[in-house]
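# Structural description and commentary
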Amino acid sequence: MAEPYYLTTAIHYPNGRPHIGHAYETIAADAMARFQRLRGRRVRFQTGTDEHGLKMAQKARELGTTPRALADDMSGHFKALFDKFEISYDRFFRTSEDAHHRASQALWQAMEASGDLYLDRYEGWYSVRDEAYYDDSEVVTGEGGEKLSPQGTPLEWTVEESWFFRLSRYQQPLLALYRDRPGFIRPESRRNEVVRFVEGGLRDLSVSRTSFDWGVKVPGAEHHVMYVWVDALTNYLTGLGYPDETDDFSTFWPADLHLIGKDIVRFHAVYWPAFLMSAGLALPRQVFGHGFLLNRGLKESKSLGNVTDPGELADRFGVDPLRYFLLREFSFGQDGSWSVEAIVNRTNSELSNSFGNLAQRVLSFIAKHCGGRIEAEAPVTEPDQALRDLVHHACAIELPEAFEKLAFAAGLEAWMKAVFACNAYVDEQAPWALRKTDPARMQRVLATLCGAIRDLSVAIAPVTPGAAAQLLDMLCIAPADRSFAALAHDPAMGPIRVDNPRPVFPRLDLPAEAAA
Ligand code: ME8
């Protein structure tokens, strides 16, 4: 039985349309999900929308609609975007689903049964934008004297009756967790931040609100709704059928990976494991906090007029090039700055001119001059073997090792080096010239290249699924042979057939506004 692998993205606030940061995170998670499937694992991949809380309630009021109508509308935009980007989720989760209310209440009751919930009064700062509480020590004073969070979001002084979670009890268990499982929080810099935060002491956490009702009702105290992060985090359990003892739950919990942005690491690496310990549930294996995307170095915002619709970028540049760009250009744990020039340059130099051109030249030559068939009988020479070894090492070893650590850019760099090596081999072996002088050797060279293109296509499939599938179709590779295990078995490939070759990575033009 294949080893299970459960990964999740954050669930996104549908208080507006999706932005490029949402696309970035979900594309990375999708690449990981596809990668694990190609490694033979039984993958469960969940994404979705986080629909409760004050932020949603306020936005709906501002728009003169209800939170539910806003969530229905915007959640649809997220789903449509993810479908456009070929996100292979198994479950698109919405926290307004009835089953989720029941699951959140079950988790609550489990924490209550452990003696970790008590009723008191909350007095302190709250940021609606972050849906987060801040300690006095974290508050910053703005230029006009206004109180701000460390992220610069506005704070309101909040006083209300509230249920509290005994987070303070979990300081030592959490520190032990970080110590005993050093891979629990990644990358290292985020782990260090969390350890410092927890070492500084933990205060009990306010986990319910009474001033609005758009949320999950607290069992037995129905004028309270749960703090939105309590129900939001529970989504990872509800999607598997919790609290029922389902097969999905026993197969896939604990999650292998929660993939999230750096701004919400505290919720996933401090609150979430504490809730789970309290409820007696197993802890996820890893929380990875990726970096933020900036638009030419700036945060996107309505006031700057630089908000980009990721769907529009996909229409202009193509889904596969955009996915490749986002994972290749930036080191995944760190922030990155993108621009249309960078997308065009990266696509043209690596996908169009290098990989796409290699595949197109080789496959169309075989179609045109060899009747679409190759039976390489000439012996394998040293340069052929060297190329095979290099490509195989990059595709079957270096890229997988890097992807396993979410080092997508490093994995793709190894892949790109193999593409360059193929192009150098074409130049050196000059198969087009061999057609007249040594046709048997020509067949061997073309066969070597087809084997390389097959390996390169399988390895890149998690990142550019559409183009990779087209190339593998053109090479007539059976679906069962499109996996990392197949690469290990057959570095040479048997008789080769090429069907209907066509370019898969057209060159992009710099858009007029960028060229200007
Ligand atoms: O935080 N670049 O939702 P969200 C990269 N509902 N990633 C970014 C980004 C950017 N510019 N901006 C945001 C929430 N993100 C909660 C999560 S999970 C139980 C609840 C990332 O819509 C952000 O870090 O504000 C988060 O991982 C995800 O997008 C959703 O952000």
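In this report, we go over the structure that sits alongside the text. (Residues numbered from 1 in each chain as written. Predicted model: local features only at pLDDT ≥ 70, side-chain atom pairs only at ≥ 80, totals over all residues. Heavy atoms only, no water.)

## Description of the overall build of the protein chain
Looking only at helices and strands, the protein chain has 19 helices and 19 strands in total. Taken against the 2.2 N^0.38 rule, which gives 24 Å for 516 residues, the C-alpha radius of gyration of the protein chain at 26 Å falls within 12% of a compact globule. In terms of its C-alpha atoms, the protein chain occupies a principal-axis envelope of roughly 90 × 55 × 40 Å. When the 516 residues of the protein chain are sorted by exposure, 58% land in the buried category. For the protein chain, the computed accessible surface area is about 21,200 Å², with 49% contributed by carbon and sulfur atoms. For the protein chain, the separation between the mean place of its 55 positive charges and that of its 69 negative charges on side chains is 3 Å. (Helix = DSSP H or I, 4+ residues; strand = E, 2+ residues; numbered from the N terminus. Rg over C-alpha atoms; globule rule 2.2 N^0.38 Å. Buried < 20%, exposed > 50% of the residue type's maximum accessible area, 1.4 Å probe, protein only. Areas by Shrake-Rupley, 256 points an atom, 1.4 Å probe, with all protein chains shown as cover. Lys, Arg positive; Asp, Glu negative; His and termini not counted. Charge placed at Lys NZ, Arg CZ, Asp CG, Glu CD.)

## Observations regarding the sheet that holds strand S8 (residues 156-165)
Note: strands within a sheet are paired through backbone hydrogen bonds, in either parallel or antiparallel orientation. Judged by pairing direction, the sheet is antiparallel, and its 4 strands sit side by side in the order S5-S4-S8-S10 without closing on themselves. Because the sheet does not close on itself, it has two edges, and the strands there are strand S5 (132-134) and strand S10 (205-206). Each of S5, S8 and S10 is contacted by helix H9 (residues 265-279), which is oriented at about 30 degrees to S8, the strand it contacts most. (Pairing = 2+ DSSP bridges. Contact = heavy atoms within 4.5 Å. Axes fitted to C-alpha atoms, helices over the stretch in contact; angles between N-to-C directions.)

## A look at the pairing of strand S4 (residues 117-127)
The side chains of a regular strand alternate, first on one face of the sheet and then on the other. Here S4 pairs with S8 via 10 bridges, running antiparallel. Bridging from a neighbouring strand, Leu 117 pairs with Phe 165 of S8. With 3 bridges joining them, S4 and S5 adopt antiparallel strand pairing. What sits directly across from Tyr 126, in S5, is Tyr 133. With antiparallel pairing between neighbouring strands as the criterion, S4 and S5 make up a hairpin whose turn holds 4 residues, including Glu 131 at a positive phi of roughly 45 degrees.

## Examining the pattern of salt bridges
Applying the stated criterion to the full structure yields 31 salt bridges. The partner of Arg 266 in a salt bridge is Glu 138, and the shortest N-O contact between them spans 3.0 Å. Placement of Arg 266 in helix H9 and of Glu 138 in the loop between S5 and strand S6 (140-141) is noted, with a sequence separation of 128 residues between them. With a relative accessible area of 28%, Arg 266 lands in the partly exposed category. Among the residues examined, Glu 138 registers a relative accessible area of 17% and is labelled buried. Arg 285 is the partner of Asp 256 in a salt bridge, and the nearest nitrogen-oxygen pair spans 3.1 Å. Of this pair, Asp 256 sits in the loop between helix H8 (247-252) and strand S14 (257-261) while Arg 285 sits in the loop between H9 and strand S15 (287-290), placing them 29 residues apart in sequence. Judged by its relative accessible area of 13%, Asp 256 falls in the buried class. By sharing partners, the salt bridges in this structure join Glu 3, Arg 41, Asp 256 and Arg 285 into a single network. (Salt bridge = Lys/Arg side-chain N within 4 Å of Asp/Glu carboxyl O.)

## Some remarks on the packing of helix H5 (residues 171-180) against helix H6 (residues 188-199)
The geometry of H5 relative to H6 is characterised by a closest axis approach of 10 Å and an angle of 155 degrees between their N-to-C directions. Comparing the axis directions of H5 and H6 gives the class roughly antiparallel. Considering only the axes of H5 and H6, their crossing is left-handed. Mapping the contact onto sequence places Gln 171, Leu 174, Leu 175, Tyr 178 and Arg 179 in H5 and Arg 191, Val 194, Val 195, Val 198 and Glu 199 in H6. For the contact of H5 with H6, a count of residues per class yields 6 nonpolar, 1 polar and 3 charged. (Parallel < 35°, antiparallel > 145°, perpendicular 65-115°, else oblique. Left-handed = near helix turned anticlockwise from the far one by under 90°. Nonpolar A, V, L, I, M, F, W, Y, C, P; charged D, E, K, R; others polar.)

## Looking at the nonpolar core
One recurring pattern in soluble globular proteins is that nonpolar side chains are buried together. Among the nonpolar cores identified, the biggest contains 99 residues, and Trp 415 and Leu 456 are the most heavily contacted of them. Look past the residues within four positions of Trp 415 in its chain and what remains in contact with it is Tyr 324, Leu 351, Phe 355, Cys 395, Leu 399, Leu 456, Ala 459 and Ile 460. With 79 residues, the next largest nonpolar core counts Tyr 126, Val 216, Tyr 271 and Leu 281 among its residues. (Core = buried A, V, L, I, M, F, W, Y, C linked by side-chain atoms within 4.5 Å.)

## Details of the site of the ligand
As a structural note, the neighbourhood of the ligand is formed by 23 residues, with Ile 11, Glu 25, Asp 50, Gly 261 and Asp 263 the closest of them. A distance of 2.8 Å separates a nitrogen atom of the ligand from a polar atom in the backbone of Ile 11. In this structure, Asp 263 approaches the ligand through a side-chain N or O atom, which is 2.5 Å from an oxygen atom. When isolated, the ligand has an accessible area of 660 Å², and the protein chains bury 92% of it. Mapped by element, the contributors of at least two residues to the shell around the ligand are strand S1 (4-12), helix H1 (20-38), helix H7 (228-238) and S14. Tallying contributions element by element places H7 first for the shell around the ligand, with 5 residues. Class assignment of the residues belonging to the shell around the ligand gives a composition of 11 nonpolar, 9 polar and 3 charged. (Near = heavy atom within 4 Å. Polar contact = N/O pair within 3.5 Å; in protein donor to acceptor, adjacent residues only side chain to side chain.)

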